[in-house]
Amino acid sequence: MRRSVYNEDHEAFRETLRAFIEAEVVPVYDEWYAEGLVPREFYYKLGELGIFGIEVPEEYGGAGEESFKFQAIVSEECARAGVSFGGSSVHVALCLPYVKAYATDEQKKRWLPGFVTGESMYAIAMTEPGTGSDLAGMKTTAKLSADGSHYVLNGAKTFITGGVHADRVIVCARTAPPSPEDRRHGISLFVVDTRSEGYAVGRKLDKLGLKSSDTAELSFSDVKVPVDDLLGEENKGFSYLGQNLPQERLGIAVGAYAQASAAIRFAQNYVQDRTVFGKTVASFQNTKFELAACKAEVDAAEAVCDRALEAHDAGELSAAEAASAKLFCTEVAHRVIDKCLQLHGGYGYMNEYPIARLYADNRVNRIYGGTSEVMKMIIAKSMGL
């Protein structure tokens, strides 16, 4: 069944991207995985391919598309091949919406041309040690200098995807203490140049999965941030962060669906080739039933993703609907990938098989972007509960 969510332009993009992945990523991906890092120069190739500029306005060097569907295709094709583009998803899916929505024309002229080419890679720093999902509890501060020319940034962040290679980081910091009525008051966003004195990249964190995606600790010691690098208005950062959450959660939902779909493909290929007791694993009724059940679940996840993609492009995707899509698709992916690994037997536990890497990569989907428990709270609130 052809998916109606994508048109001919989308499918042409998919073909180009699939060929690129086969030629430029698959042959070297094992090296990236072992290194725990995508080479910095690879991002220039993504820039040349146009991946970073799809949703950037034409006047800044982009294609001027408004649809998120192209980024959904990137997720689907990476999952299909069992590879990752490292921190580039954060660069495009998380950072770009903030720059587009809140940067001034002068800031966009400074920042977006390099964003498009990959010369300036972006990350976003929200989470701090000890705060987790409680962003209102952040301790990083940015104090305006006496002459009003710059802010002085102090603090630390952790779990920052893309933090190793980043050239600029959107840092969330307190510019005023929380008010008694609203703990979220007083947070601002800054687009910080990582070459600044006092800015430091700490450990590259050793994660369970997403091995080729660099995730780092960051610290700021009296970092001077020009007032011209304040993103949006002072003290309104928390409200800005909430505006992009539906798209972020939609992206996670699509990625989870794509991983589950890929898991079925990997398992189907394996069981058709693997022989036990003189028969292919695919010939056993249990195998057929397990894969059939997985296929039904993934079909449902696809329908949820496609509906959400259409709603997002129409500007109608609500926070509760995005939470529902994320909750459903990540839970489906958890079940499906586990079953597909089981069908691989002992080989499914070996990292040389893509299903093993997929199993580890998938686990974070139910944590980042808001845990499954937080998604349930959002959905319940929308129900009046």
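Whatever comes next refers back to the structure up there.
Right, let's walk through the structure included here. (Residues numbered from 1 in each chain as written. Predicted model: local features only at pLDDT ≥ 70, side-chain atom pairs only at ≥ 80, totals over all residues. Heavy atoms only, no water.)

1. Some details on the packing of helix H10 (residues 319–344) against helix H12 (residues 372–382)
Okay, so step 1: Viewed as axis vectors pointing N to C, H10 and H12 meet at an angle of 140°, and their least axial separation amounts to 9 Å. By the angle between their directions, the pair H10 and H12 is classed as oblique. The hand of the H10/H12 crossing is left-handed. Facing Ala319, Ala320, Ala323, Ser324, Lys326, Leu327, Thr330 and Glu331 of H10, the residues of H12 in contact are Ser372, Met375, Lys376, Ile378, Ile379 and Ser382. (Axes fitted to C-alpha atoms, helices over the stretch in contact; angles between N-to-C directions. Helix = DSSP H or I, 4+ residues; strand = E, 2+ residues; numbered from the N terminus. Parallel < 35°, antiparallel > 145°, perpendicular 65-115°, else oblique. Left-handed = near helix turned anticlockwise from the far one by under 90°. Contact = heavy atoms within 4.5 Å.)

2. Some remarks on unusual backbone geometry
Okay, so step 1: Residues other than glycine seldom take positive phi values, yet Phe159 does so here, at roughly 60°.
Okay, so step 2: By secondary structure assignment, the location of Phe159 is in strand S3 (residues 150–161).
Okay, so step 3: Owing to a relative accessible area of 58%, Phe159 belongs among the exposed residues under this scheme.
Okay, so step 4: Even without being a glycine, Asp222 presents a positive backbone phi close to 55°.
Okay, so step 5: Within the fold, Asp222 resides in strand S7 (residues 215–226). (Buried < 20%, exposed > 50% of the residue type's maximum accessible area, 1.4 Å probe, protein only.)

3. Points about helix H4 (residues 69–81)
Okay, so step 1: Taking 1.5 Å per residue, 13 residues should reach 18 Å; H4 reaches 19 Å between its end C-alpha atoms and fits that length.
Okay, so step 2: The buried count for H4 comes to ten of 13 residues, which makes it a mostly enclosed element.
Okay, so step 3: For H4, the full list of buried residues reads Lys69, Phe70, Gln71, Ala72, Ile73, Val74, Glu76, Glu77, Cys78 and Ala79.
Okay, so step 4: Residues of H4 that are buried make contact with helix H1 (8–25), helix H5 (88–102), helix H8 (245–273) and helix H9 (285–313).
Okay, so step 5: Following H4 by one or two positions, Gly82 adopts a phi angle in the positive range, close to 70°. (Expected span 1.5 Å × (residues − 1).)

4. A closer look at the packing of aromatic side chains
To describe a pair of aromatic rings, one takes the distance between the centres and the angle between the planes.
Okay, so step 1: Summed over all chains, the structure comprises 14 aromatic pairs.
Okay, so step 2: On the basis of an interplanar angle of 80° and a centroid distance of 5.4 Å, the ring pair of Phe13 and Phe70 is categorised as edge-to-face. With Phe13 in helix H1 and Phe70 in helix H4, the pair connects residues that are 57 residues apart, well separated along the chain. With respect to class, Phe13 is no different from Phe70; both count as buried.
Okay, so step 3: Where Phe20 meets Phe85, the ring centres are 6.5 Å apart and the plane angle is 85°; that geometry is what we call edge-to-face. Within this pair, whereas Phe20 is found in helix H1, its partner Phe85 is found in the loop between H4 and H5, the two being separated by 65 residues in sequence. One exposure class covers both Phe20 and Phe85, and it is buried.
Okay, so step 4: One aromatic cluster is present, formed by Phe20, Tyr29, Trp32, Phe42, Tyr43, Phe52 and Phe85 through successive ring pairs.
Okay, so step 5: A cation over an aromatic ring shows up here: Lys279 above the ring of Phe284, its NZ or CZ 4.6 Å from the ring centre.
Okay, so step 6: A cation over a ring is seen here: Arg357 above Tyr33, with NZ or CZ 4.1 Å from the ring centre. (Phe/Tyr/Trp six-rings, centres within 6.5 Å; stacked < 30°, edge-to-face > 60°. Lys NZ or Arg CZ within 6 Å of the ring centre and 35° of its normal.)

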